[in-house]
Protein chains: 2
Amino acid sequence: MANVRVIVDGYGGDHAPLAVLQGCAMAISEYPDVDLLITGDTAALQKLATEHQISLERIELMQAAEVVKVEDDYSRVFKEKPDSSMAVGLKALKEGRGDAFVSGGSTGALVVGSSLIVKRIPGIKRAALAPIMPAGDSCFMLMDAGANVTCRPEMFQQFAIMGSSYMSKIMGVANPRVGLVNIGTEENKGGELQLEAYPLLQNTPVNFIGNIEAREIPTGGCDVAIADGFTGNVILKLEEGMGKYLIEHLKGIFYSGIAGKLAAVLVLKPLKKFKKKMDYTEYGGAPLMGIAQPVIKAHGSSNPKAFMNAIRQARNFVQQEVIADIRAGLDKINLEHPAE
Amino acid sequence: MANVRVIVDGYGGDHAPLAVLQGCAMAISEYPDVDLLITGDTAALQKLATEHQISLERIELMQAAEVVKVEDDYSRVFKEKPDSSMAVGLKALKEGRGDAFVSGGSTGALVVGSSLIVKRIPGIKRAALAPIMPAGDSCFMLMDAGANVTCRPEMFQQFAIMGSSYMSKIMGVANPRVGLVNIGTEENKGGELQLEAYPLLQNTPVNFIGNIEAREIPTGGCDVAIADGFTGNVILKLEEGMGKYLIEHLKGIFYSGIAGKLAAVLVLKPLKKFKKKMDYTEYGGAPLMGIAQPVIKAHGSSNPKAFMNAIRQARNFVQQEVIADIRAGLDKINLEHPAE
């Protein structure tokens, strides 16, 4: 099998471009079946690589003079900055210069740019931001985590198919359990969106387990959690905030006084394992599900390891042919509403 | 000052009536300024009290033959079971036989029953379920946590006034920071509801700090978090689930092997303190804000201590004259839409 060629936005993320370069070098050394193409100011990238003694073996650089900033209006940024590292990367993906794209840049811009440049899978109404998050002894896919503030019931049906494909193909979950995030488990719970989506999901060729209350999510109540982008974004950020809050509290316990420090030494290994488990960067980034080619959003605050994990995730996305699987799943359902 | 007379639903909650009786006895012994009136099967309650040697000093029992069950349709249960412990308690509150009502029974039924029987404060459009939840070194009020699946912007304005009153009067927070739960901090973020509510909240006589992202909630980003009942319910239950998940994981660390157990002994005190901090029953129940008299929803799984705390909360609600304060706050704003 030929190597997978992952295009990486060299200037996306709070710690770009250095953390990107370092993550790329880690990925190259970890995954012999991956080649990379990094977009950005090639002269600056080359200089940085030399300064930090980062090898550019199996890494190609591609010139992009501009950078998409978080404060840029993402509905206009692709017209205003056609030469940004994100735009150049997306165009390279579209043109077949690589198999997948990874960016730690602005989420909004990446969603808009991917839909504009790479386009959606035929029939897919909207792309969803779909992070993989820790739960129970495993993890789950949350979709949509913020790409679409409001959603229509048919979008949920497509989310279910896409999420099931991903969790089964990439995460190896047999028959992924799809849950509709709701305020009660009964069929008649929730707002209009949930009430309309429920019967649709029942008639979708996925393992729909019904409504799921938010309290069941962290303990592993489902493998794919379906929500509108507003609710999903609240879930994503609340889990993030709770994790941070609890880790801070634990630190306070273990770093105060001799007894605490001694206790910390005694449980250092399981504590570290636990912290790693809670660290969503371990799972890679958030795929943009519904785009015609694999696009991964790495967290804005990604460190080199997080970029490496996102690159691994992009490779798997390609090798496991998730998009072909989604297309087959879409063919199975008779969509009532044709594509936009 | 005369004693506060709190009416308690003797048959509300998973562990009723025993946990209720025990909680009432604890409250009587802790709070000399509280008298109680318990609704339910008086013969059974009396028998239970005798069996468990629970004193009924300063506790009056009031006959109610039926019980509202969680599975009852709460839009009809007050017609179908007019003699339930919840209905009898709410009627007793309305008739001035007590100053406040505490129930661990069905949330939906309590919201409907309170609005029907006790009525709302004049001008208030909808009652909100408003639990006090742990955050940072303190706590915050979440409203609405599920009484209204959908909300209108004017309701958010009223929530802001009610939440501010409560947090200032009962929790002693000076100038409570009111945050609008949203998917970004910028003014132009969110759905229609948030976009319309933002300027309204700016023109409300509260300390509105703008949009708040969910990740800032657990670390104490605001004192009153405003959301529609769907979003609020997701927040409530996700925090619950995350807390449970993390405590379980910690238990796994501390109860496995000799090193873990030794570590647990070393940090037992701060760990217990932390667990207590995370335990929302410590804060009492969730007030139903907007009802014309104080009504507190105790958690369904309340133990005796949680009932005691909910009773203390009801007493404070009365003594601090929160409802008079809310009425004054409402007078200050010129409501564009008159009461329903």
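Everything numeric here is computed off the predicted structure, so don't read it as measured data.

## Structural notes on the overall build of chain A
1) Next: A tally of helices and strands in chain A yields twelve helices and twelve strands.
2) Next: Relative to its length of 340 residues, chain A is compact, with a C-alpha radius of gyration of 20 Å against a globular reference of 20 Å.
3) Next: Taken along its principal axes, the extent of the C-alpha atoms in chain A is 60 × 60 × 40 Å.
4) Next: Looking at chain A residue by residue over its 340 residues, the buried ones come to 59%.
5) Next: Accessible surface, chain A as shown: approximately 13600 Å² in total, 51% of it carbon and sulfur.

## Digging into the environment of A:G232
All names here are of chain A.
1) Next: Checked against the element boundaries, G232 lands in helix α8 (residues 229-254).
2) Next: Separated by 80 residues in sequence, G232 and R312 place their C-alpha atoms 25 Å apart.
3) Next: Residues within four places of G232 in sequence aside, it is in contact with L142, D144, A145 and A227.

## Observations concerning empty space enclosed by the protein
All names here are of chain A.
1) Next: Following the criterion strictly, the structure yields one cavity of 30 Å³ or more and no others.
2) Next: Taken as a whole, the largest cavity encloses approximately 40 Å³ of empty space.
3) Next: Looking at the largest cavity, the residues that line it are I121, L288, M289, G290, I291, Q293, P294, V295, F317, I323 and I326.
4) Next: Elements with a contribution of two residues or more to the lining of the largest cavity: β11 (286-289) and α12 (322-332).
5) Next: Taken together, the residues that form the lining of the largest cavity break down as nine nonpolar, two polar and no charged.

## Quick look at the interface of chain B and chain A
1) Next: Contact with chain B, which involves 47 residues of that partner, is made by 49 residues of chain A.
2) Next: Where chain B abuts chain A, roughly 4400 Å² becomes buried across the two surfaces, and 79% of that area is made up of carbon and sulfur atoms.
3) Next: Along the contact surface separating chain B from chain A lie four salt bridges.
4) Next: The partner of B:E213 in a salt bridge is A:K237, with the nearest N and O atoms 2.3 Å apart.
5) Next: Viewed at the interface, chain A and chain B are joined by ten residue pairs in polar contact (both at pLDDT 80 or more).

## Describing the relation of the copies chain B and chain A
Here the two chain copies are tied together by a rotation about an axis and a shift along that axis.
1) Next: Least-squares fitting of chain B to chain A yields an RMSD of 0.0 Å, with the transformation described by 0.0 Å of translation along the axis and a rotation of 180°. The operation mapping one copy onto its partner corresponds to a two-fold rotation axis. Of every C-alpha in chain B, the one belonging to B:A263 sits nearest the axis of rotation, 2.1 Å from it.
2) Next: The residues that chain B uses at the interface reappear at the interface of chain A in 100% of cases, marking a shared surface.

## So, the sheet that holds strand β2 (residues 34-40) of chain B
Residues and elements named next belong to chain B.
1) Next: Taken in spatial order, the seven strands make up an open sheet running β3-β2-β1-β4-β12-β11-β5, and their pairing is mixed. At either end of the open sheet lies a strand with only one pairing partner, and these are β3 (59-63) and β5 (128-129).
2) Next: Strands in contact with helix α5 (residues 107-118) are β4 (100-103), β5, β11 (286-289) and β12 (295-297); relative to β12, the strand with the most contacts, it is inclined by about 170°.
3) Next: Docked against the sheet, helix α11 (residues 304-319) engages β1 (4-9), β2, β4, β11 and β12, running at close to 140° with respect to β1.

## Overview of the sheet that holds strand β1 (residues 4-9) of chain A
All names here are of chain A.
1) Next: The seven strands lie next to each other as β3-β2-β1-β4-β12-β11-β5, forming an open sheet whose pairing is mixed. If you trace the sheet from one side to the other, it starts and ends with β3 (59-63) and β5 (128-129), each paired once.
2) Next: With three bridges connecting them, β1 and strand β4 (residues 100-103) associate as parallel partners. Across the sheet, the residue bridging to V6 is A100, located in β4.
3) Next: The strands touched by helix α2 (residues 42-51) are β2 (34-40) and β3; relative to β3, the strand with the most contacts, the crossing angle is about 145°.

## Quick word on helix α7 (residues 192-202) of chain B
1) Next: Every buried residue belonging to α7(B) is among B:L193, B:Q194, B:A197, B:Y198, B:L200 and B:L201, and all of these are buried.
2) Next: Structurally, α7(B) contributes buried residues whose contacts are with α8 of chain A together with α6 (153-169), β8 (177-182) and β9 (207-213) of chain B.

## Here's the deal with the packing of helix α1 (residues 18-30) of chain A against helix α11 (residues 304-319) of chain A
How two helices pack is summed up by the angle between their axes together with the distance between the axes.
Residues and elements named next belong to chain A.
1) Next: With their axes 7 Å apart at the nearest point, α1 and α11 run at an angle of 50° to one another. The pairing of α1 with α11 is recorded here as oblique in orientation. Here α1 and α11 pass one another in a crossing that is right-handed. Along its contact with α1, which presents A19, V20, Q22, G23, C24, M26, A27 and E30, the element α11 presents P304, K305, F307, M308 and I311.
2) Next: Here the residues of the contact of α1 with α11 sort into nine nonpolar, two polar and two charged.

## Quick word on the confidence of the model for chain A
Residues and elements named next belong to chain A.
1) Next: A residue-level look at chain A finds 98% of positions with pLDDT of 70 or above and a mean pLDDT of 92.
2) Next: Ignoring residues within four places in sequence, the model shows residues 336-340, a span with pLDDT below 50, making nine contacts including any to other chains.
3) Next: Here the predicted complex carries an ipTM of 0.92, next to a pTM of 0.93.

## Let's talk about the nonpolar core
1) Next: Counting residues in hydrophobic clusters, the biggest one holds 110 residues, and the most contacted among them are A:L90, A:F254, B:L90 and B:F254.
2) Next: Beyond its immediate chain neighbours, meaning those up to four positions away, B:L90 contacts B:F78, B:F101, B:L110, B:G113, B:S114, B:I117, B:V118 and B:V295.

## Focus on the pattern of salt bridges
Residue and element names in this part refer to chain B.
1) Next: Within this structure, the stated rule accounts for 26 salt bridges over all chains.
2) Next: With a closest N to O distance of 3.3 Å, D33 and R315 form a salt bridge. Here D33 is found in the loop between α1 (18-30) and β2, whereas its partner R315 is found in helix α11, with 282 residues between them in sequence.
3) Next: Overall, D33 belongs to the partly exposed group, its relative accessible area being 22%.
4) Next: Taking relative accessible area as the criterion, R315 reaches 14% and is therefore assigned buried.

## Description of the environment of B:I291
Residues and elements named next belong to chain B.
1) Next: Here I291 is to be found in the loop between β11 and β12.
2) Next: Taking the C-alpha atoms as reference points, I291 and A127, 164 residues apart in sequence, are found 6.1 Å from one another.
3) Next: Leave out the neighbours within four places in its chain, and I291 touches S114, S115, V118, K119, R120, I121, A127 and I323.

## Thoughts on unusual backbone geometry
1) Next: Going from A:A16 to A:P17, the amide bond is cis rather than trans, its omega being 0°.
2) Next: Its location among the elements puts A:P17 in the loop between β1 and α1.
3) Next: With a phi angle near 50°, B:Q53 is a residue other than glycine that sits in the positive phi range.
4) Next: Turning to its location among the elements, B:Q53 is positioned in the loop between α2 (42-51) and β3.
5) Next: Residue classification places B:Q53 among the exposed positions, given a relative accessible area of 75%.

## With respect to the packing of aromatic side chains
1) Next: Throughout the structure, instances matching the rule amount to six aromatic pairs over all chains.
2) Next: Judged by centre distance (6.0 Å) and plane angle (40°), the rings of A:F156 and A:F159 are tilted. In this pair, A:F156 and A:F159 are both assigned in helix α6 (residues 153-169), three residues apart and thus about one turn of the helix distant. For the pair formed by A:F156 and A:F159, the shared burial category is buried.
3) Next: Centre to centre, the rings of B:Y166 and B:F317 are 5.6 Å apart; their planes meet at 75°, and the pair counts as edge-to-face.

Rules of the game
- Residues numbered from 1 in each chain as written.
- Chains lettered and ligands numbered in written order.
- Predicted model: local features only at pLDDT ≥ 70, side-chain atom pairs only at ≥ 80, totals over all residues.
- Heavy atoms only, no water.
- Helix = DSSP H or I, 4+ residues; strand = E, 2+ residues; numbered from the N terminus.
- Rg over C-alpha atoms; globule rule 2.2 N^0.38 Å.
- Buried < 20%, exposed > 50% of the residue type's maximum accessible area, 1.4 Å probe, protein only.
- Areas by Shrake-Rupley, 256 points an atom, 1.4 Å probe, with all protein chains shown as cover.
- Contact = heavy atoms within 4.5 Å.
- 1 Å grid on protein atoms, 1.4 Å probe; cavity = no way out; pocket = protein on both sides within 12 Å on 5 of 7 lines; lining within 4 Å.
- Points joined across faces, edges and corners; volume = space filled by probe spheres on them.
- Nonpolar A, V, L, I, M, F, W, Y, C, P; charged D, E, K, R; others polar.
- Buried area = accessible area lost by both parts, 1.4 Å probe.
- Salt bridge = Lys/Arg side-chain N within 4 Å of Asp/Glu carboxyl O.
- Polar contact = N/O pair within 3.5 Å; in protein donor to acceptor, adjacent residues only side chain to side chain.
- Least-squares fit on C-alpha atoms with pLDDT ≥ 70 in both.
- Pairing = 2+ DSSP bridges.
- Axes fitted to C-alpha atoms, helices over the stretch in contact; angles between N-to-C directions.
- Parallel < 35°, antiparallel > 145°, perpendicular 65-115°, else oblique.
- Left-handed = near helix turned anticlockwise from the far one by under 90°.
- pLDDT = per-residue confidence, 0-100.
- Core = buried A, V, L, I, M, F, W, Y, C linked by side-chain atoms within 4.5 Å.
- Phe/Tyr/Trp six-rings, centres within 6.5 Å; stacked < 30°, edge-to-face > 60°.

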